[in-house]
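Below, each chain spelled out in residue letters.
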Amino acid sequence: MKIAVCVKQVPDSETRINLAAPTAELDSSGFTRILNPYDAYAVEEAVKIKEAGSDVEITAITIGPDTVKETLKKDCLAVGCDKALVITDPALDHADAAAIATVLSAALKKEPYDLVLCGFKAIDDDNGQVPILIAEKLGMAHVSTITSLELGEGTLTAHREIEGGKEIVQASMPAVLTCQKGLNEPRLPSLPNIMKAGMKPMETVTCADLGVEVPANLVQIKQYSPPPARGECKLIDAEDPAAAARELARLLNEEAKVI
Amino acid sequence: MSDKKYPTGGEFLLSETAPADVFTPEDFNETQRMFATTVDGFVEKYYQPLMEEIEYQGNTKLGKDLLKEAGPMGLLMADIPEPYGGMGSDKATIMLISEKISAAGSFAVTHGAQSGIGTLPIVYFGTDEQKQEYLPRLATGELISCYALTEPGSGSDALAAATTAVLTKDGKHYILNGAKQYITNAGYADIVILFAKIDGEKFTGFIVDLTSDGVTIGPEEKKMGIKGSSTCPIILEDVKVPVGNLLGEIGKGHHIAFNILNVGRFKLGASTVGGAKLAMVSALPYTKQRKQFGQPLCEFGLIRRKIAQVAATTFAAESMVYRTAGLLDVAIATLDKNDPTYDRKSIGQVEEFGIECSMIKVFASEACALAAEECLQMLGGYGYCQEYPLERIYRDERINRIFEGTNEINRMLVPGMIMKKALKGELPLLQAAMQVAEEMTGLPSFTEPGEPGYLEAEGDTVANMKKVVLAVLGLAAQKFGAGLKEQQGVLADCADIIMETYASESALLRTLKRAAAEGEEAAAGMADMTRLYVHDALDRVAVLARNVLADTVDGDELRTYQAALRRLSKQDGVPRSKLHDRIAERQITAEEYSVQA
């Protein structure tokens, strides 16, 4: 069985973003970069399938500059993926979800994958569109935000958390699955596996190598702007709770004009 | 002079080191950085959820569980050679792991007892058979080990051990009797590396199976800190140990004990750097949130001074720790890995740098103590309460100045080892000392210096400190001769002067290396810490040297030397408040120890 895991390198959620004024492009120079945490569930699930069965090959695929290689090595190859593919192309610098999905689909067509696992969204842009678009482009089944997975003969059963309950979905393979917290507990790369990861194949290609042209963006980010500064906090000084509540209601109605 | 192409121990005192030749934390490669992330991840994922139970309820057994998790992660195998299931990592990597695991409080000590002192005697002194037998299982954590040197009656004076070993009539076993104490991991270890005197005189190492008849593990010690590490006595009553478990050579147990202490010391240097950083990251966010008189604590000058002093001292400690790692690795890299005695020879290379190992143990453990002390103070009353981590860090820190050789013993060792090397002709110290003495007692030169270049003043200061070291050591050797080893006050002052010199130079070289690679702007944070540290260090050196001189010479000779010392230690001062401000600002912004510009 061949499994592809599509991953993305994102800024660490603890990274401080220096954004004093509206800008067209974020200053990313000081960013610490990590594997998108939801992608870690996808990697872990692929590795668990490999550990449970025989003859499973896992390819980690990503788009990004040279700096993504460290993440691929540490968080994909060192935890059990077999090889990695990096698509590096300046044409992809500001690509939107549709363009990314087009390029990833071209890469995924190179080998007959039975499963494509992805995080259900990336924590940087919170878009969550790419895996769905890939499924559509490749004509594969798609199950989103799964929290458990069982594989059968050419089929799979996945659980999804839905409002107030759980949905059990059966799908045929090949399929694109997006992974949600709760699916598994991603492992840390062990020191010896970090050493071995350096010996696993990592291929770097351009869009031309894949024979795909980057389509024009359908969506463009015009501006990043900082959230408005928090106003002064007003403390209500009242004799008893009832009076405080009356004053609060008055302020919400007359000053804040929200009720 | 020797014709060795690589640096030797103590050589820094006599020669100039090029910035490009020192190893610095900025030189860690991708793999080493990934290792560090895994250790951080281990602490967060496995230690943090158990922290309360380990540290405040003193559940020492959890150390065993964590070792069993750490083994498969590869955290116990860095020191073990590849043929025996380990990674055979270089010392810089090993020290980085020690630094990172220090965030795991008591477990850091548990980890060190297993992967360091509990494993290394077999790595360095074991037979191939013993290595095959034990090392692969120590690497995975299947087997847990500990190390027993101290006894109720012998601590620093380890060779005065009273534990005995007697060969049985059939020559197949030794019968061991005695008691060991303060043994880390003893509560659950499977084996112990211990020392006993064969026939009551030949101090020898043994690997002892702790399930053997006659072994009793005593109760857990009630300690001030590191409450989650297991520390018990081991009592041996007619314990039969197969002759095959004798470690190293009969009567050469001190080789094992002293060499392992060197390793323990450089690792402790690294882990106490980690401890200092932990104190800072535990205090800095608080100083931003806590307001008094309408402003955050971190905006008060005295808080900023504390932050700056802790940061600069931590920077000096970190710089000397990893510089030493580089020295060890360069020296070990000259050995042939395929040589069957490679492991034994590599510990010899560590011994070569015993001076540096002792210095970083003392300096970094005291830097950590300063950080714990001042960071607790920044939290005020909250620092004194268990709800905040500083209370624990403050207690835990204390042991670092006691174990792996007390800081007093290590202070005696620093000038002691230097003098020994000088007398053996390995360090041309006395010749250099005579030259400095001539310069100091001769006519002073009065060339007015021009406007100093980038960190040139600090470079001159370091050069002058080296002259001071040579002068005081040379005079002390001349005055006291073989009796110098009885002059503990003089020796300790000399040790402090030598350490200040090594620390100052290490900070300076690291900064210069960074500036050469990334530009002076990128090194601005380091440069400020270097200026502050070197300036203050010179004042301390001046006082220490003045006292050594007064203890050593008198009359006209003393006056001449004191005048020369005043010339060597003269400085105009640095704008300390501005330096404090800038250094503190970077730490406050980062909310942790930071060398960023």
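Conventions and cut-offs
- Residues numbered from 1 in each chain as written.
- Chains lettered and ligands numbered in written order.
- Predicted model: local features only at pLDDT ≥ 70, side-chain atom pairs only at ≥ 80, totals over all residues.
- Heavy atoms only, no water.
- Pairing = 2+ DSSP bridges.
- Helix = DSSP H or I, 4+ residues; strand = E, 2+ residues; numbered from the N terminus.
- Axes fitted to C-alpha atoms, helices over the stretch in contact; angles between N-to-C directions.
- Domains from an automatic or database assignment.
- Polar contact = N/O pair within 3.5 Å; in protein donor to acceptor, adjacent residues only side chain to side chain.
- Expected span 1.5 Å × (residues − 1).
- Buried < 20%, exposed > 50% of the residue type's maximum accessible area, 1.4 Å probe, protein only.
- Patch = residues over 30% accessible without salt bridge, like charges linked within 9 Å, V, L, I, M, F, W, Y side chains within 5 Å.
- Areas by Shrake-Rupley, 256 points an atom, 1.4 Å probe, with all protein chains shown as cover.
- Salt bridge = Lys/Arg side-chain N within 4 Å of Asp/Glu carboxyl O.
- Phe/Tyr/Trp six-rings, centres within 6.5 Å; stacked < 30°, edge-to-face > 60°.
- Core = buried A, V, L, I, M, F, W, Y, C linked by side-chain atoms within 4.5 Å.
- Contact = heavy atoms within 4.5 Å.
- Parallel < 35°, antiparallel > 145°, perpendicular 65-115°, else oblique.
- Left-handed = near helix turned anticlockwise from the far one by under 90°.
- Nonpolar A, V, L, I, M, F, W, Y, C, P; charged D, E, K, R; others polar.
- Buried area = accessible area lost by both parts, 1.4 Å probe.

## Some thoughts on the pairing of strand β8 (residues 155-162) of chain A
Residues and elements named next belong to chain A.
Inference 1: As paired strands, strand β7 (residues 141-151) and β8 are joined by five bridges and run antiparallel to one another. Note on β8: the bridge partner recorded for Leu151 is Leu156.
Inference 2: Between the antiparallel neighbours β7 and β8 lie three residues, among them Gly154 with a positive phi of about 70 degrees.
Inference 3: Relative to strand β9 (residues 165-172), β8 runs antiparallel, the two being bridged by eight bridges. When the bridges of β9 are listed, Thr157 appears paired with Gln170.

## Some remarks on the sheet that holds strand β4 (residues 57-63) of chain A
Residues and elements named next belong to chain A.
Inference 1: Spatial ordering of the open sheet is given by β9-β8-β7-β10-β6-β1-β4-β5-β11, a layout of nine strands whose pairing is mixed. Among the strands making up the open sheet, the edge pair consists of β9 and β11 (202-205). Mean inter-strand twist for the sheet, computed between neighbouring axes without regard to direction, equals 35 degrees.
Inference 2: As judged from the four bridges shared by strand β5 (residues 83-87) and β11, these two strands associate in the parallel manner. What sits directly across from Val86, in β11, is Thr204.

## Regarding the domain arrangement of chain A
A common measure of how large an interface is: the accessible area buried when the components associate.
Inference 1: Under the domain assignment used here, chain A contains domain 1 (2-210) and domain 2 (229-259).
Inference 2: A separation of 47 Å is found between the C-alpha centroids of domain 1 of chain A and domain 2 of chain A.

## Considering the side chain of A:Arg160
Inference 1: If you trace the backbone, A:Arg160 turns up in strand β8.
Inference 2: Reaching out from A:Arg160, the side chain makes a polar contact with the side chain of A:Glu167 at a distance of 2.6 Å.

## So, helix α9 (residues 301-333) of chain B
Inference 1: For α9(B), which comprises 33 residues, the first-to-last C-alpha distance of 47 Å matches the rise-based estimate of 48 Å (1.5 Å per residue) to within 8%.
Inference 2: Burial analysis of α9(B) places 26 of its 33 residues in the buried class, which makes it a mostly covered element.

## Section: a nonpolar patch on the surface
Inference 1: A cluster of nonpolar side chains, namely A:Ile236, A:Leu248, A:Leu252, A:Val258 and A:Ile259, defines an oily patch on the protein surface of about 430 Å² accessible area.
Inference 2: Residue classification places A:Leu248 among the partly exposed residues on the basis of a relative accessible area of 42%.

## Notes on the packing of aromatic side chains
Residues and elements named next belong to chain B.
Inference 1: The full count for this structure, using the stated rule, is 14 aromatic pairs over all chains.
Inference 2: With a centroid separation of 5.6 Å and an interplanar angle of 80 degrees, the aromatic rings of Tyr147 and Phe195 are classed as edge-to-face. You can see Tyr147 sitting in strand β1 (residues 145-148) and its partner Phe195 sitting in strand β4 (residues 191-198), a full 48 residues away along the chain.
Inference 3: The interplanar angle of 70 degrees and the centroid separation of 5.3 Å between the aromatic rings of Tyr174 and Phe206 together place this pair among those described as edge-to-face.

## Points about the nonpolar core
Inference 1: Judged by nonpolar contacts, the single largest core of 233 residues is most densely connected at B:Phe42, B:Leu176 and B:Phe206.
Inference 2: A total of 17 residues in this core trace back to one element, the largest contributor, which is α9(B).
Inference 3: For B:Phe42, the residues in contact, after removing those within four places along its chain, are A:Leu188, B:Tyr47, B:Leu66, B:Glu69, B:Ala70, B:Met73, B:Leu75, B:Ile101 and B:Phe107.
Inference 4: With 27 residues, the next largest nonpolar core counts A:Leu92, A:Ala97, A:Val130 and A:Val176 among its residues.

## Details of the packing of helix α3 (residues 97-108) of chain A against helix α4 (residues 130-138) of chain A
Residues and elements named next belong to chain A.
Inference 1: Orientation of α3 relative to α4, taken along the N-to-C sense of each, is 50 degrees, at an axis distance of 9 Å. In terms of their interaxial angle, α3 and α4 are classed as oblique. Crossing hand, α3 versus α4: right-handed. When α3 is examined against α4, the residues Ala97, Ala98, Ile100, Ala101, Thr102, Leu104, Ser105 and Leu108 are found in contact with a partner set consisting of Val130, Leu133, Ile134, Lys137 and Leu138.

## Some details on the packing of helix α8 (residues 253-289) of chain B against helix α10 (residues 342-352) of chain B
Residues and elements named next belong to chain B.
Inference 1: For the pair α8 and α10, interaxial distance at closest approach is 9 Å and the crossing angle is 65 degrees. The angle between α8 and α10 falls in the class roughly perpendicular. Here α8 runs over α10; the crossing is left-handed. Mapping the contact onto sequence places Asn259, Asn262, Val263 and Phe266 in α8 and Ile347, Val350 and Glu351 in α10.
Inference 2: Class assignment of the residues belonging to the contact of α8 with α10 gives a composition of four nonpolar, two polar and one charged.

## A few points about the interface of chain B and chain A
Inference 1: Each side of the interface is counted separately: chain B has 21 residues, and chain A has 14 residues.
Inference 2: The largest share of the area that chain B buries against chain A comes from B:Met34, B:Lys45 and B:Met73, three residues that together contribute 35% of it.
Inference 3: Inspection of the region where chain B meets chain A yields two salt bridges.
Inference 4: Where B:Glu30 meets A:Lys73, a salt bridge forms, and the shortest distance between an N and an O atom there is 2.7 Å.
Inference 5: Between chain B and chain A we count six residue pairs in polar contact (both at pLDDT 80 or more) in total.
Inference 6: Secondary-structure elements contributing two or more residues to the side of chain B that touches chain A are α1 (30-47) and α19 (576-590) of chain B.
Inference 7: The dominant element in the side of chain B that touches chain A, judged by the number of residues it contributes, is α1(B), at eleven residues.
Inference 8: When grouped by side-chain class, the residues that make up the side of chain B that touches chain A number eleven nonpolar, six polar and four charged.

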